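Structural overview for review
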Amino acid sequence: MKKFFLLFCFVLSSLSGINASTPIGDIYIRDPFILADSATGFYYMYCSSTVPAGDGSNCGGVAVYKSGDMKNWTGPSQVCTLPEDNWSTGVIWAPEVHEYKGKYYLFATVNSDVEWKAGIEGRPPYTYRGTQIFRSDSPDGPFEALSKLPATPMDEMALDGTLWVENDVPYMIYCHEWVQIGDGSMKFVRLSDDLSEPEGEPVRLFNASAAKWSTGSGDGNYVTDGCYLYRTKDGKLLMIWSSFMNGEYAIGVSESVTGKVAGPWRQIEEPLFNRNGGHGMLFKDFGGELHLVIHVPNSPAGQERACIFDIEDTGASLRMK
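All values reported here derive from a predicted model rather than from experimental measurement.

Moving on, we come to the overall build of the protein. Each helix and strand counted, the protein has one helix and 23 strands in total. Scaling as 2.2 N^0.38, a compact globule of 321 residues should have a C-alpha radius of gyration of about 20 Å, and the protein matches this with 18 Å. Counting only C-alpha atoms and orienting by the principal axes, one finds that the protein spans roughly 50 × 50 × 40 Å. Restricting to contacts in the protein with at least 6 residues of sequence separation, those with at least 24 account for 52%.

Attention now goes to the nonpolar core. With 51 residues, the main nonpolar core has Met45, Tyr46, Trp73, Phe143, Ile240, Leu282 and Leu318 as its most contacted residues. Looking at this core, the element that brings in the most residues is strand β4 (residues 42-52), giving six residues. Every residue in contact with Ile240, bar those within four places of it in the chain, is listed here: Gly226, Cys227, Tyr228, Ile251, Gly252, Val253, Leu272, Gly280, Met281, Leu282, Leu292 and Leu318. Core analysis: the second largest hydrophobic core is formed by 24 residues, Trp93, Ala94, Cys227 and Leu229 among them.

With that settled, the discussion passes to the layout of surface pockets. In this structure, the second largest pocket spans a volume of roughly 470 Å³. Breaking the lining of the second largest pocket down by element, the ones donating at least two residues are β3 (33-37), β8 (92-100), β12 (158-166), β16 (225-231) and β20 (278-284). Tallied by class, residues from the lining of the second largest pocket come to 16 nonpolar, one polar and three charged.

Let us now look at a negative patch on the surface. Taken together, the side chains of Asp168, Asp193, Asp194 and Glu197 present a region of like negative charge at the surface. Owing to a relative accessible area of 37%, Asp194 belongs among the partly exposed residues under this scheme.

So, on to the environment of Asp37. Counting through the fold element by element, Asp37 comes out in strand β3. Look at Asp37 and you get buried, because its relative accessible area is 5%. In this structure, the C-alpha to C-alpha distance between Asp37 and Ser57, residues 20 residues apart in sequence, is 34 Å. Apart from residues lying up to four places away in sequence, Asp37 is in contact with Phe42, Tyr44, Tyr104, Pro139 and Phe286.

A separate point is the pairing of β4. Of all 11 residues that make up β4, nine are buried, and the element is covered over most of its length. In this sheet, β4 lies alongside β3 in antiparallel orientation, the contact comprising five bridges. Pairing of Ile34 across the sheet is with Met45, part of β4. Counting the residues between successive antiparallel strands, the hairpin from β3 to β4 contains four residues, one of them, Gly41, with a positive phi of roughly 80°. Where β4 and strand β6 (residues 61-67) come together, six bridges link them in antiparallel fashion.

Now for the side chain of Thr162. Along the chain, the position of Thr162 falls in strand β12. Looking at Thr162, the relative accessible area reads 1%, which means it is buried. A polar side-chain atom of Thr162 sits 2.4 Å from a polar atom in the side chain of Glu96. Setting aside its immediate chain neighbours within four residues, Thr162 contacts Glu96, His98, Phe107, Tyr171, Met172, Ile173, Cys227 and Tyr228.

So, on to the packing of aromatic side chains. A complete count under the given rule lists 11 aromatic pairs for this structure. Judged by centre distance (6.5 Å) and plane angle (85°), the ring pair of Tyr46 and Phe143 falls under edge-to-face. Of this pair, Tyr46 sits in strand β4 while Phe143 sits in the loop between β10 (126-136) and β11 (144-145), and the two are 97 residues apart along the sequence. Side by side, Tyr46 and Phe143 carry an identical accessibility label, which is buried. Pairwise contacts between aromatic rings join Tyr43, Phe283 and Phe286 into one cluster. The residue whose ring lies beneath Lys66 is Phe42, and the NZ or CZ to ring-centre distance is 4.5 Å.

Taken together, four strands build an open sheet; the order of strands is β12-β13-β14-β15 and the sheet is antiparallel. Every other strand in the sheet has two partners, leaving β12 and β15 (198-207) as the edge strands with one partner each. Looking at each pair of strands side by side, their axes are set apart by 25° on average, direction ignored.

A separate point is the environment of Ser243. Examined against the element boundaries, Ser243 turns out to sit in strand β17 (residues 237-245). A relative accessible area of 1% places Ser243 in the buried class. C-alpha separation for the pair Ser243 and Trp213, spaced 30 residues apart in sequence, amounts to 8.7 Å. Once you skip the residues sitting within four places of it in the chain, Ser243 turns out to touch Ala208, Trp213, Ser214, Val223, Glu248, Tyr249 and Ala250. In terms of polar contacts, Ser243 uses its side chain to reach the side chain of Ser214, at 3.0 Å.

Criteria and cut-off values
- Residue positions are given per chain, counting from 1 as you read along its sequence in written order.
- In keeping with the model being predicted, local features are shown solely for residues with a pLDDT of at least 70 and side-chain atom pairs are shown and tallied solely at 80 or more, while totals for entire chains, interfaces and linings include all residues.
- Hydrogen atoms and water are omitted, and side-chain values are computed over all heavy atoms in the structure.
- In DSSP terms, a helix is any run of H or I states spanning at least four residues, a strand is any run of E spanning at least two, and both are numbered starting from the N terminus.
- Atoms counted for the radius of gyration: C-alpha only. Globule rule: 2.2 Å times residue count to the power 0.38.
- In this analysis, two residues are considered to be in contact whenever any of their non-hydrogen atoms come within 4.5 Å of each other.
- For our purposes a nonpolar core is just a set of buried Ala, Val, Leu, Ile, Met, Phe, Trp, Tyr and Cys residues, chained together by side-chain atoms within 4.5 Å.
- Remark: exposure states derive from per-residue accessible area (1.4 Å probe, protein chains only) relative to the maximum for the residue type, with buried under 20%, exposed over 50%, and partly exposed in between.
- Both cavities and pockets are sets of points on a 1 Å grid over the protein atoms alone; in a cavity a 1.4 Å probe fits but cannot get out, in a pocket the set is open with protein on both sides within 12 Å along at least five of seven lines, and lining residues sit with an atom within 4 Å of a point.
- Grid points are joined across faces, edges and corners, and a volume is the space filled by probe spheres set on the points.
- Residues were grouped as follows: Ala, Val, Leu, Ile, Met, Phe, Trp, Tyr, Cys and Pro as nonpolar; Asp, Glu, Lys and Arg as charged; and all remaining residues, including Gly, as polar.
- Here, patches come from residues exposed beyond 30% relative accessible area and free of salt bridges, joined within 9 Å for like charges and within 5 Å for nonpolar side chains (Val, Leu, Ile, Met, Phe, Trp, Tyr).
- What sets the accessible areas is the Shrake-Rupley method with a 1.4 Å probe; for residues, cover comes only from the shown protein chains.
- Basic side-chain nitrogens of Lys or Arg form a salt bridge, by our definition, when they fall within 4 Å of a carboxyl oxygen of Asp or Glu.
- The charge count treats Lys and Arg as positive and Asp and Glu as negative. His and the chain ends do not count.
- For the purpose of locating charges, the reference atoms are NZ of Lys, CZ of Arg, CG of Asp and CD of Glu.
- Only when DSSP finds a minimum of two bridges between them are two strands counted as paired.
- Any pair of N or O atoms that falls within 3.5 Å is considered a polar contact. Within protein, one atom must be able to donate a hydrogen and the other to accept it, and sequence-neighbouring residues count only if both atoms are side-chain atoms.
- The rule is short: rings of Phe, Tyr and Trp, with Trp giving its six-membered ring, pair when the centres are within 6.5 Å, and they are stacked under 30 degrees, edge-to-face over 60, tilted in between.
- Any Lys NZ or Arg CZ found within 6 Å of a ring centre and within 35 degrees of that ring's normal is scored as a charge over the ring.
- An axis is simply a line fitted to the C-alpha atoms; with a helix, the fit covers only the stretch in contact. Between two such axes, the angle follows the N-to-C directions and lies from 0 to 180 degrees.

This is the structure:
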């Protein structure tokens, strides 16, 4: 689904020096992630940003826009560029930044165009794809790799890793790509206390077809994208995630029956959003109000913009205001 992203990566060399304020509706972006950083008083919106490498090729990276009001944004400023000796220097998808134990951690899906296995008929070939973790002292970067390898298994086409901390234990929840398994799945893995490496084997939580609203593509393929966890005011543990509903990108909600990341997870029947947009995350503004940010539309490629919606935490679930 994200292959079109390759056509529209930011080239920061051509944008250097641009510091004027830009309305959010004028910024092209897929998979937006907003960090409301109370330490600086700014909102940070992270995006993919490919830059030229020394050998004439391009190198994957991440840039950030900053705002004081969530409406007008300055940037982009480069905050991360993949090391030359990284496992891959390909394009990055879906960067997100979390504050954890006084540091800032970037979770980024790094891609490679190297084919390691022929694909199943009707699907693309298997290429290397995984979530890698980076660290910085500041949300402005620079972010340095904790490891030159992804935190997801090399033999899994994995993407959209996100952080969840439960009882002081850090976990990464991520998507196992439909390209490889047909019915995309959601998985989680425990991370080391410093987030530098996984501990143990990943565990499957559910498949995309478990949700009634996730109708698939009609050929047995179901997408899992954009997982993000949130605990409601009544203590319910929810996950928002994206797939396709009747041909359009949509966001659904899952609830952990036990209130723990290990689940089991039940799917809420009605989607949260089903109007050709998705890959959402939730954040609270500096006034304590809850918001959802997604990209809309999902297609056609090149039209995607970040849209921020007000969300009501009902205690039992989430509702668009």
